[in-house]
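A structural walkthrough
Each chain is listed here by its residues.
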Amino acid sequence: MSYAQLVGDWHALAVLFVAGVVPNQIWRMLGLWFGGGLDEGSELLVWVRAVATAILAGVIAQIVVEPPGALASVPDGLRYGAVGAGLIVFLLTRRSIFAGVVTGEVFMLAGKWWLG
């Protein structure tokens, strides 16, 4: 398989980079610049972290209950099992959102691969 076949249309990748990555990086850099001196334990940042966690939980709940696109072909039990596995790892890793989300994704991908 050649590089061109693997990557596909490089123009589409360039547009995706410019339209998706660059605008996000601007906000990330501004956040680092403005938030560099803030105390991580301040009430404002605790509130921001709580809101971000609530939004993530809402998105996960919506995807599990009303799955979009190809995710609708995944059985309900597998979707709920992935959420359960992610929740258990989240709690066992001292509330690491990253570990919980990655575990849920790996559980679902492995389950879908196993089911065929």
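Residues numbered from 1 in each chain as written. Predicted model: local features only at pLDDT ≥ 70, side-chain atom pairs only at ≥ 80, totals over all residues. Heavy atoms only, no water.

**A short note on the overall build of the chain**
Helix and strand content of the chain: five helices and zero strands. Ordered by position from the N terminus, the helices and strands of the chain form the series α-α-α-α-α. Against the compact-globule benchmark of 13 Å for 116 residues, the chain has a radius of gyration of 19 Å, which places it well outside the compact range. In terms of its C-alpha atoms, the chain occupies a principal-axis envelope of roughly 50 × 40 × 25 Å. Classification of the 116 residues of the chain by burial places 12% in the buried group. Considering only residue pairs separated by 6 or more positions, the chain has 39% of its internal contacts joining residues 24 or more positions apart. A total accessible area of about 9,300 Å² is found for the chain, and carbon and sulfur atoms account for 73% of it. The centroid of the 6 positive side-chain charges in the chain is displaced by 7 Å from the centroid of its 7 negative side-chain charges. (Helix = DSSP H or I, 4+ residues; strand = E, 2+ residues; numbered from the N terminus. Rg over C-alpha atoms; globule rule 2.2 N^0.38 Å. Buried < 20%, exposed > 50% of the residue type's maximum accessible area, 1.4 Å probe, protein only. Contact = heavy atoms within 4.5 Å. Areas by Shrake-Rupley, 256 points an atom, 1.4 Å probe, with all protein chains shown as cover. Lys, Arg positive; Asp, Glu negative; His and termini not counted. Charge placed at Lys NZ, Arg CZ, Asp CG, Glu CD.)

**Side note on the UniProt feature "transmembrane region" (unreviewed entry) in the chain**
The UniProt entry lists residues 12–34, 46–65 and 77–92 under the feature "transmembrane region" (unreviewed entry), expressed in the numbering used here. Note that residues 12–34 is 100% helix and 0% strand, and that its end C-alpha atoms are spaced 33 Å apart. Across residues 77–92, helical content stands at 100% and strand content at 0%; the span's end C-alpha atoms are separated by 22 Å. (UniProt positions renumbered as here; feature names shortened; annotations may be inferred.)

**A look at the pattern of salt bridges**
In total, this model carries one salt bridge according to the counting rule given. Salt-bridge contacts for arginine 79 lead to aspartate 76; the nearest nitrogen and oxygen are separated by 2.5 Å. With arginine 79 and aspartate 76 both in helix H4 (residues 76–92) and three residues apart, this pair spans about one turn of that helix. Its relative accessible area of 3% is what places arginine 79 among the buried residues. Exposure remark for aspartate 76: the relative accessible area of 45% places this residue in the partly exposed category. (Salt bridge = Lys/Arg side-chain N within 4 Å of Asp/Glu carboxyl O.)

**A few points about helix H5 (residues 97–115)**
Here H5 spans 27 Å end to end across 19 residues, near enough to the 27 Å set by a 1.5 Å rise per residue. Among the residues of H5, those classed as buried are Ala99, Gly100, Gly104, Met108 and Gly111. Angular distribution of buried residues about the axis of H5 spans 160 degrees; they occupy a single face of the element. Those residues of H5 that are exposed and aimed more than 90 degrees away from the buried face are Phe98, Val106, Leu109 and Trp113. (Expected span 1.5 Å × (residues − 1). Arc of directions from axis to C-beta.)

**Details of the domain arrangement of the chain**
Under the domain assignment used here, the chain contains domain 1 (1–38), domain 2 (39–66) and domain 3 (74–116). Averaged C-alpha coordinates put domain 2 and domain 3 at centres separated by 18 Å. Listed as interface residues are six residues of domain 2 and, on the opposing side, five residues of domain 3. Summed over both partners, the interface of domain 2 with domain 3 comes to about 450 Å²; 76% of that surface belongs to carbon and sulfur atoms. It is Thr53, Leu56 and Val64 that lose the most area in domain 2 upon contact with domain 3, and together they represent 76% of the buried surface on that side. Linking domain 2 with domain 3 are one residue pair in polar contact (both at pLDDT 80 or more), by the criterion used here. Per-class residue counts for the side of domain 2 that touches domain 3 are five nonpolar, one polar and no charged. (Domains from an automatic or database assignment. Buried area = accessible area lost by both parts, 1.4 Å probe. Polar contact = N/O pair within 3.5 Å; in protein donor to acceptor, adjacent residues only side chain to side chain. Nonpolar A, V, L, I, M, F, W, Y, C, P; charged D, E, K, R; others polar.)

**Observations concerning the packing of helix H3 (residues 43–65) against H4**
At their nearest, the axes of H3 and H4 sit 9 Å apart, and the two run at 155 degrees to each other. The pairing of H3 with H4 is recorded here as roughly antiparallel in orientation. Across the interface between the two elements, Ile60, Ile63, Val64 and Val65 from H3 touch Arg79, Tyr80 and Val83 from H4. The residue inventory of the contact of H3 with H4, partitioned by class, reads six nonpolar, no polar and one charged. (Axes fitted to C-alpha atoms, helices over the stretch in contact; angles between N-to-C directions. Parallel < 35°, antiparallel > 145°, perpendicular 65-115°, else oblique.)

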